[in-house]
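For reference, the chains in residue letters:
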Amino acid sequence: MEFNTKTAAPESVKVDCLAIGVFEDLGPTPSARRVDRATHGAVHAAIASGDMKGKRGSLVVLRSLSGVGCARVALVGLGKSTDFGDKAFSEVVSATVRGCGAGVTTLAFAASDWKVAGRAPSWSVRAMVAAARATRFRSDELKTKASDRPAGEDDGNQRLRITWLAEKRGRELETALRQGEAIANGVELAKRLGNLPANFCTPDYLASQARKLARDWHLKVQIFDRRQIEALGMGSFLSVTHGSVQPPRLIVLRYQGSGGSGFANPVALVGKGITFDSGGISLKPGAQMDEMKFDMCGAAAVFGTMRAIAELKPTVNVVGVVPACENLPSGSATKPGDIVTSMSGQTIEILNTDAEGRLILCDALTYVQRFRPAAIIDIATLTGACVVALGNVHSGLFSKDDELAAELLAAARNAGDSVWRMPIDDDYQDQLKSNFADMANIGTPGNAGSVTAACFLARFVKDQHWAHLDIAGTAYRGGTTKGATGRPVPLLTEFLLARAA
Ligand code: BES
Ligand code: MN
Ligand code: ZN
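Each chain carries its own residue numbering, running from 1 in the direction its sequence is written. For naming, the first written chain is A and the first written ligand is 1, with later ones following in the order written. Local features in this predicted model are restricted to residues whose pLDDT is 70 or higher, and side-chain atom pairs enter the listing and the counts only when it is 80 or higher, whereas totals over whole chains, interfaces and linings include all residues. By convention in this description, side-chain values take in all heavy atoms of the structure and omit both hydrogens and water.

1. Digging into the environment of Gly-186
Numbering of helices and strands runs from the N terminus, with a helix taken as a DSSP run of H or I at least four residues long and a strand as a DSSP run of E at least two residues long. Summarising the element assignment, Gly-186 is placed in helix 5 (residues 171–195). Taking C-alpha positions, Gly-186 is 25 Å from Thr-144, a pair spaced 42 residues apart along the chain. Working rule for contacts: check all heavy atoms of both residues, and any pair within 4.5 Å makes them a contact. Excluding anything up to four places from it in sequence, Gly-186 contacts Gly-304, Arg-307 and Val-489.

Right, here's the structure in full:
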């Protein structure tokens, strides 16, 4: 899929399909009215006939109209202008791309007048790219027959070229397009890795993907194997690996965007890379356990974000750290009650082997401090409790640092990848007391589980600008639309772009 912008009268553009908008309350937009005049009332005729009522996401494709340069005009229902927000915009773009016609290889949006309240044209352009790419995305690399694939992708218009008809030409929209595409590339990488099952997506597979990213995008990469992880003293991380025959990997990716030859004060992204979470000896129930292949979506988000920024080259240094392993039960697996020593020296009583994410992240958080990071953000499908609290709308944001939290909230809003700030104050720390070690790895069952998980991590980042994103509810969907979402790649990329600006 390719994108460009153009300043041209909608009726004159030569494309397979021109998309124009009809609001439910206001009727055709100004550019749609232009097309109506050029076609001697074709738009109004479709409205008068009752075919197009402006209902959000509805589509009527008119063919062979005289007076226009395009073979098809798609009338796109935009819904009520008063309800036309972020979500409506993405929905109507998606409906257009899905429904414009199997033969369409060039599509133009006369959408400059599909104004979203509080959003600049460059936002719309980026959102258009995101929605169009998401509509066409499929995870079908493990399907052998085209007929087994979900409908829509073998319809001949894989190579779609989309033109945004701009009111005026400018660098801003071109930049927005490039950002939109880079973010979509990052999101799709995160989706692909997230969706790939655990028999393919092993810790070593993630390491090979990191090497490939480094090769393709001139990043620096380091992969640590079990012996090297032992040498670092990561007893907490290692405790999670003991039940699996898959060797663990600690993956470090570096992007240098500023500071000459040094790698000064990077933003550190730490992603949970549990390639499968069975719960270990504290075994999970069987229902939907397949979804625990998504337990490496934090890692996937780090990779996707590194991919996006490597393409956009902002002037900011970034280090991505991914501890990767499987959490399985076996005769050699860690047992409830076992006590381990983390890289920080603090001891941990593992009361529940299913609270493993924090056990691998705490050592990664200790490790990353050697880079003297300007900020540390960890990203993890950490707790079911976060899904209970926030569902699949907002990612949970936990930070004691109000400035960093404000930055992330602003980036989330700009990127359309929302977060909700959650508490992390020390009043919850009591729950992590252990009779035998410095701390337990769980709090009181059924009691603020996403907060106590964040409080556990907080013990490893004293005096750091640190934020934790719990993406358990937002990184993937279950049910019939099962699949990774690529979140929070848009948020993280936006955050890094804003830091560089
Ligand atoms: N990976 C899970 C969290 C999770 C649950 C993600 C559901 C997505 C959907 C994590 O490792 C886990 O098992 N957490 C436990 C913690 C508990 C034992 C304190 C949980 O949430 O139940
Ligand atoms: Mn778990
Ligand atoms: Zn987990």
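2. Remarks on the pattern of salt bridges
Salt-bridge detection follows one rule: a side-chain nitrogen of Lys or Arg within 4 Å of a carboxyl oxygen of Asp or Glu. All chains considered together, the criterion is met by 23 salt bridges. Across the pair Asp-290 and Lys-482 runs a salt bridge, and its minimum N-O distance is 2.7 Å. Within this pair, whereas Asp-290 is found in the loop between strand 11 (273–277) and helix 9 (297–312), its partner Lys-482 is found in the loop between strand 20 (476–477) and strand 21 (483–484), the two being separated by 192 residues in sequence. One salt-bridge network, held together by shared partners, links Arg-56, Lys-87 and Glu-91.

3. As for helix 10 (residues 357–368)
How far a helix is expected to stretch is found by multiplying one less than its residue total by 1.5 Å. Here helix 10 is twelve residues long and its end C-alpha atoms lie 16 Å apart, about the 16 Å a rise of 1.5 Å per residue gives. Taken residue by residue, helix 10 has Gly-357, Arg-358, Leu-359, Ile-360, Leu-361, Cys-362, Asp-363, Ala-364, Leu-365, Thr-366, Tyr-367 and Val-368 as its buried positions. Only protein chains enter the area calculation, which uses a 1.4 Å probe; residues under 20% of their type maximum are buried, those over 50% are exposed, and those in between are partly exposed.

4. Some words on the coordination of the manganese ion (ligand 2)
The protein atoms that coordinate the manganese ion (ligand 2) are Asp-277 (OD), Asp-354 (O), Asp-354 (OD) and Glu-356 (OE), at distances of 2.1 to 2.2 Å. Metal coordination here is assigned from N, O and S atoms located within 2.8 Å of the ion, or within 3.2 Å for Na, K and Ca; omission of water means that sites may look incomplete. Only four donors with every angle between 85 and 135 degrees are called tetrahedral; only four or six donors with opposite donors over 155 degrees apart and all others between 65 and 115 are called square planar or octahedral, in that order; all others are irregular. If you look at the manganese ion (ligand 2), its six donor atoms make angles of 72 to 168° with each other, and the shape they trace is irregular. Written as a sequence motif, the donor residues of the manganese ion (ligand 2) are D-x76-D-x1-E. Between the manganese ion (ligand 2) and the zinc ion (ligand 3), a spacing of 3.2 Å is present, and a bridge between the two is formed by Asp-277. Note that Asp-277 is positioned in strand 11 and Glu-356 in the loop between strand 14 (347–349) and helix 10, a separation of 79 residues in sequence. In this structure, Asp-277 and Glu-356 share a single accessibility class: buried.

5. Looking at the coordination of the zinc ion (ligand 3)
Lys-272 (NZ), Asp-277 (OD), Asp-295 (OD) and Glu-356 (OE) make up the full set of protein donors to the zinc ion (ligand 3), lying at 2.0 to 2.4 Å. Considering all six donor atoms around the zinc ion (ligand 3), the spread of angles at the metal, 78 to 175°, places the coordination shape in the octahedral class. Counting along the primary sequence, the residues that act as donors to the zinc ion (ligand 3) give the motif K-x4-D-x17-D-x60-E. Using a relative accessible area of 2% as the deciding quantity, one classes Asp-295 as buried.

6. Regarding the site of ligand 1
Contacts to ligand 1 come from 16 residues, most closely from Lys-284, Asp-295, Asp-354, Glu-356 and Gly-384. The side chain of Asp-277 places a nitrogen or oxygen atom 2.9 Å from an oxygen atom of ligand 1. Backbone polar atom of Thr-381 to a nitrogen atom of ligand 1: 3.3 Å apart, as the coordinates give it. Coverage of ligand 1 by the protein amounts to 77% of the 510 Å² it exposes when considered alone. Throughout, near means a residue has at least one heavy atom within 4 Å of the molecule or strand. Residues adjacent in sequence count toward polar contacts only when both atoms are side-chain atoms; beyond that, a polar contact is any pair of N or O atoms within 3.5 Å, and within protein one must be able to donate a hydrogen and the other to accept it. Surface accessibility follows the Shrake-Rupley procedure with a 1.4 Å probe radius. Residue values consider only the protein chains on display as shielding.

7. A word on helix 6 (residues 203–217)
In this model helix 6 runs 21 Å from its N-terminal to its C-terminal C-alpha over 15 residues, within 8% of the 21 Å that 1.5 Å per residue would give. Turning to helix 6, its buried residues are Pro-203, Leu-206, Ala-207, Gln-209, Ala-210, Leu-213 and Ala-214. Looking down the long axis of helix 6, one finds its buried residues gathered within 160° of arc, a one-sided arrangement. Of the surrounding secondary structure, the elements contacted by the buried residues of helix 6 are helix 5, strand 8 (220–224), strand 9 (249–255), strand 11, helix 9 and strand 12 (318–327). Just downstream of helix 6, His-218 is the residue with a positive phi angle, here 55°. Directions from the helix axis toward the C-beta atoms define the arc.

8. Describing the confidence of the model for the protein chain
As a per-residue quantity, pLDDT reports the predictor's confidence and falls between 0 and 100. Scored by pLDDT, the protein chain comes out at a mean of 96, with 98% of its residues at no less than 70. Of the regions scoring below 50 in pLDDT, residues 153–157 engages in eleven contacts with residues more than four places distant in sequence or in other chains.

9. Topic: empty space enclosed by the protein
A cavity, in this analysis, means grid points on a 1 Å lattice covering only the protein atoms where a 1.4 Å probe fits yet has no way out; a pocket is instead an open set bounded by protein on both sides within 12 Å along at least five of seven lines, and a residue lines either one if it has an atom within 4 Å of a point. Grid points are joined across faces, edges and corners, and a volume is the space filled by probe spheres set on the points. Evaluation of the coordinates by the stated rule reveals one cavity of 30 Å³ or more. The calculated volume of the largest cavity comes to roughly 80 Å³. Taken together, 14 residues form the lining of the largest cavity, with Ser-239, Val-240, Asn-327, Thr-334 and Thr-353 sitting closest to its centre. In this classification, the charged set is Asp, Glu, Lys and Arg, the nonpolar set is Ala, Val, Leu, Ile, Met, Phe, Trp, Tyr, Cys and Pro, and all remaining amino acids, among them Gly, are polar. Residues belonging to the lining of the largest cavity are distributed by class as follows: six nonpolar, seven polar and one charged.

10. Let's talk about the layout of surface pockets
Computed from the structure, the second largest pocket encloses a volume of approximately 930 Å³. Around the second largest pocket, the lining comprises 41 residues; the ones closest to its centre are Lys-284, Leu-382, Thr-383, Gly-384 and Ala-385. Breaking the lining of the second largest pocket down by element, the ones donating at least two residues are helix 10, helix 11 (384–390), helix 13 (449–458) and strand 20. For the lining of the second largest pocket, the leading source of residues is helix 11, giving four residues. Considering only residue class, the lining of the second largest pocket consists of 15 nonpolar, 17 polar and nine charged.

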